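Here is what each chain is made of, one letter per residue.
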There are 4 protein chains.
Amino acid sequence: MRMLEVLGPAPALQVDEWLNTKSPLALEQLKGKVVVLHAFQMLCPACVQLATPQMQKLQDLFGGDEVAVIGLHTVFEHHDAMTPVALKAFVHENRLTFPIGIDRHDGDAVPLTMRAYGFGGTPSVALIDRQGRLRFNELGHQPDLGLGALIGSLVAEGK
Amino acid sequence: MRMLEVLGPAPALQVDEWLNTKSPLALEQLKGKVVVLHAFQMLCPACVQLATPQMQKLQDLFGGDEVAVIGLHTVFEHHDAMTPVALKAFVHENRLTFPIGIDRHDGDAVPLTMRAYGFGGTPSVALIDRQGRLRFNELGHQPDLGLGALIGSLVAEGK
Amino acid sequence: MRMLEVLGPAPALQVDEWLNTKSPLALEQLKGKVVVLHAFQMLCPACVQLATPQMQKLQDLFGGDEVAVIGLHTVFEHHDAMTPVALKAFVHENRLTFPIGIDRHDGDAVPLTMRAYGFGGTPSVALIDRQGRLRFNELGHQPDLGLGALIGSLVAEGK
Amino acid sequence: MRMLEVLGPAPALQVDEWLNTKSPLALEQLKGKVVVLHAFQMLCPACVQLATPQMQKLQDLFGGDEVAVIGLHTVFEHHDAMTPVALKAFVHENRLTFPIGIDRHDGDAVPLTMRAYGFGGTPSVALIDRQGRLRFNELGHQPDLGLGALIGSLVAEGK
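Anyway, here's the lowdown on the structure attached to this text.

Quick notes on the rules
Residues numbered from 1 in each chain as written. Chains lettered and ligands numbered in written order. Predicted model: local features only at pLDDT ≥ 70, side-chain atom pairs only at ≥ 80, totals over all residues. Heavy atoms only, no water. Contact = heavy atoms within 4.5 Å. Polar contact = N/O pair within 3.5 Å; in protein donor to acceptor, adjacent residues only side chain to side chain. Helix = DSSP H or I, 4+ residues; strand = E, 2+ residues; numbered from the N terminus. Nonpolar A, V, L, I, M, F, W, Y, C, P; charged D, E, K, R; others polar. Pairing = 2+ DSSP bridges. Disulfide = S-S within 2.5 Å. Buried < 20%, exposed > 50% of the residue type's maximum accessible area, 1.4 Å probe, protein only. Least-squares fit on C-alpha atoms with pLDDT ≥ 70 in both.

## Brief notes about the interface of chain A and chain D
Then, in step 1: Facing the 19 residues of chain A at the interface are 18 residues of chain D.
Then, in step 2: On inspection of chain A and its partner chain D, the count reaches 2 residue pairs in polar contact (both at pLDDT 80 or more).
Then, in step 3: Counting only elements with at least two residues in the side of chain A that touches chain D, the list comes to helix H1 (45-62) and helix H4 (144-156) of chain A.
Then, in step 4: Among the elements that take part in the side of chain A that touches chain D, H4(A) stands out by supplying 10 residues, more than any other.
Then, in step 5: Class assignment for the residues of the side of chain A that touches chain D results in 11 nonpolar, 5 polar and 3 charged.

As structure tokens, this is what we get:
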């Protein structure tokens with residue numbers, strides 16, 4: 001098992017609208033927790049069938065004082081199909097309970113937070129340690145055993 | 001294995017727009033084939049994860065001279081999320097190749113063909129024999145073994 | 001969907017001992033039913049994980065007046081591991097309820113019924129129609145949709 | 001995510017014969033590594049279909065300097081079916097590569113190591129930290145996300 005090196009400070013979340021949370025979230029507030037950042041699109045098959053359900057399992061298993069699961073809707077294609085209204089229906093139908101932010105656009109097809117992290121597509125996952133440092137950033141669905149091990153190791157690092 | 005009784009003539013398809021086919025389809029034209037009619041919504045989790053991929057497998061295995069797989073997008077909720085534009089993105093992303101009709105609305109939340117078949121929700125599947133008669137009509141995902149056997153028995157009935 | 005051609009009369013079952021049945025079975029007695037003959041070895045991973053559970057599903061769904069699921073333990077390797085005592089424990093632990101015959105050896109590593117059918121390994125499946133004719137004979141796990149369709153078509157042929 | 005408490009020193013492995021290792025293993029030698037101890041029986045369906053393949057995945061992902069995956073064949077039923085000869089065929093057919101010890105019997109149906117750990121059946125899994133202390137001991141298949149997280153947290157504890 002490889003130890004996770006430090007990739008630098010985690011870029012800020014630039015979000016237009018939040019779902020499943022009463023007030024907007026910022027990484028600053030989440031210091032002390034391990035953050036699992038799930039970049040997805042509601043019409044991306046590997047998200048809907050694999051990565052997003054995995055995040056809900058993570059939320060059910062670990063969400064709370066130690067781990068924060070955060071979704072980020074990074075629409076970079078089919079913009080007229082994956083609207084906020086459509087996303088809300090998707091979240092409702094899939095019974096997702098973790099907070100989800102809608103990544104902000106500035107006119108470019110690719111939204112701002114997605115560019116800041118350099119995500120190569122969806123699904124992507126970033127892991128942020130208790131100190132707010134980026135420790136993992138990968139494109140593609142991560143199998144449960146490996147992702148679980150990475151999260152467990154970050155939780156064990158302590159605050 | 002139960003033999004499939006005749007439930008009556010299959011109601012006509014009332015469709016606003018067709019995807020994956022050059023010209024509109026009518027059951028009349030499909031006489032001589034077994035028709036598998038897949039009622040779905042693009043934001044219904046059991047459709048996206050189970051029933052719609054099963055239909056694509058059916059299309060890949062059996063679609064052709066003997067069997068016609070037809071999708072019917074029966075939007076009865078979240079109408080502003082499951083628009084034709086969104087459906088086209090969904091079909092593209094999921095690489096669906098079978099013809100899909102958008103069930104027509106007349107002002108009621110439930111569209112016309114869905115009402116005519118009495119589908120109780122999505123996913124639902126109807127099987128229509130080579131003579132155009134309705135032989136099976138059920139709500140819910142049907143496991144592969146059982147659905148395969150029903151289709152095989154209708155194909156074997158001959159023209 | 002291809003129609004199943006007739007491959008010839010189904011070879012007789014040559015069995016040393018039967019499990020899950022009060023008296024020995026012969027294909028003669030099963031005329032009028034579609035027979036699904038499942039050739040397996042208890043230590044073959046693709047059998048244990050895929051094909052044998054599929055046969056139990058077939059038995060639960062269709063076993064009865066129309067379809068007879070029959071297992072055949074065709075030991076052609078690891079003979080000292082896959083003994084009748086071991087097979088009985090396997091059948092008990094996996095809660096298999098369909099009849100299973102132990103294919104007879106005459107000194108050759110490959111048992112007699114396996115040779116008569118020409119099975120190339122395990123799992124293999126043969127389908128025998130209501131008239132006792134061999135209609136399908138393939139090595140490897142058969143996906144549910146396709147196998148279900150083949151069985152459904154043979155059932156529909158009538159007696 | 002719960003932190004793993006210390007359950008005491010890990011009981012010694014009492015093994016008659018080892019597979020997949022040149023010389024016998026003792027927990028003493030494994031100090032410095034996290035040990036995943038997999039108690040199984042080759043005819044236990046939940047082992048064969050879930051837990052044993054999971055252990056091979058663990059071995060492929062993590063086996064090495066940090067993590068040692070160790071199988072323990074704890075035969076407590078069907079003793080005449082699950083012999084060493086049968087186990088060797090099972091290991092060969094399932095392409096298992098991690099070391100496996102055959103738990104020793106003293107005349108009781110339940111073997112010695114199984115009794116020392118108090119395993120309630122198969123599959124069971126015990127996790128032993130780098131200092132040789134028992135940290136987790138549960139009956140039943142453990143889902144990948146949770147087991148991965150536990151192992152990751154023990155690896156991160158350092159030597």
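## Some points on the sheet that holds strand S2 (residues 15-19) of chain A
Across a sheet, strands are paired by hydrogen bonds formed along the backbone, either parallel or antiparallel in direction.
All names here are of chain A.
Then, in step 1: Ordered in space as S1-S7-S6-S3-S4-S5-S2, the 7 strands form an open sheet in which the pairing is mixed. Strands at the two margins of the open sheet, each flanked by one partner only, are strand S1 (8-9) and S2.
Then, in step 2: Of the pairings in the sheet, the one linking S1 to strand S7 (residues 133-139) comprises 2 bridges and is antiparallel in character. When the bridges of S7 are listed, Pro-9 appears paired with Arg-133.

## Focus: the state of the cysteines
All names here are of chain A.
Then, in step 1: Under the criterion given, the structure shown has 4 disulfides over all chains.
Then, in step 2: Here Cys-44 engages in a disulfide with Cys-47; their sulfurs sit 2.4 Å apart. Taking the torsion about the sulfur-sulfur bond, which here is approximately 80 degrees, the covalent link between Cys-44 and Cys-47 counts as right-handed. An identical accessibility class is assigned to Cys-44 and Cys-47; each is buried.

## What to know about the arrangement of the chains
Then, in step 1: Without any contact between them, chain A and chain C keep their closest C-alpha atoms 21 Å apart.
Then, in step 2: Across the gap from chain B to chain D, with no contact made, the nearest C-alpha atoms are 20 Å apart.

## A few points about the relation of the copies chain A and chain D
Copy one and copy two of the chain differ by a rotation about a common axis and a shift along it.
Then, in step 1: Its rotation angle being 180 degrees, the transformation that places chain A on chain D also includes 0.0 Å of axial translation and leaves an RMSD of 0.0 Å. Both copies of the chain, as the preceding transformation shows, are related through a two-fold rotation axis.
Then, in step 2: When the interface residues of chain A are mapped onto chain D, 95% of them are again interface residues, pointing to one common binding face.

On their own, these measurements won't tell you what the molecule is for.
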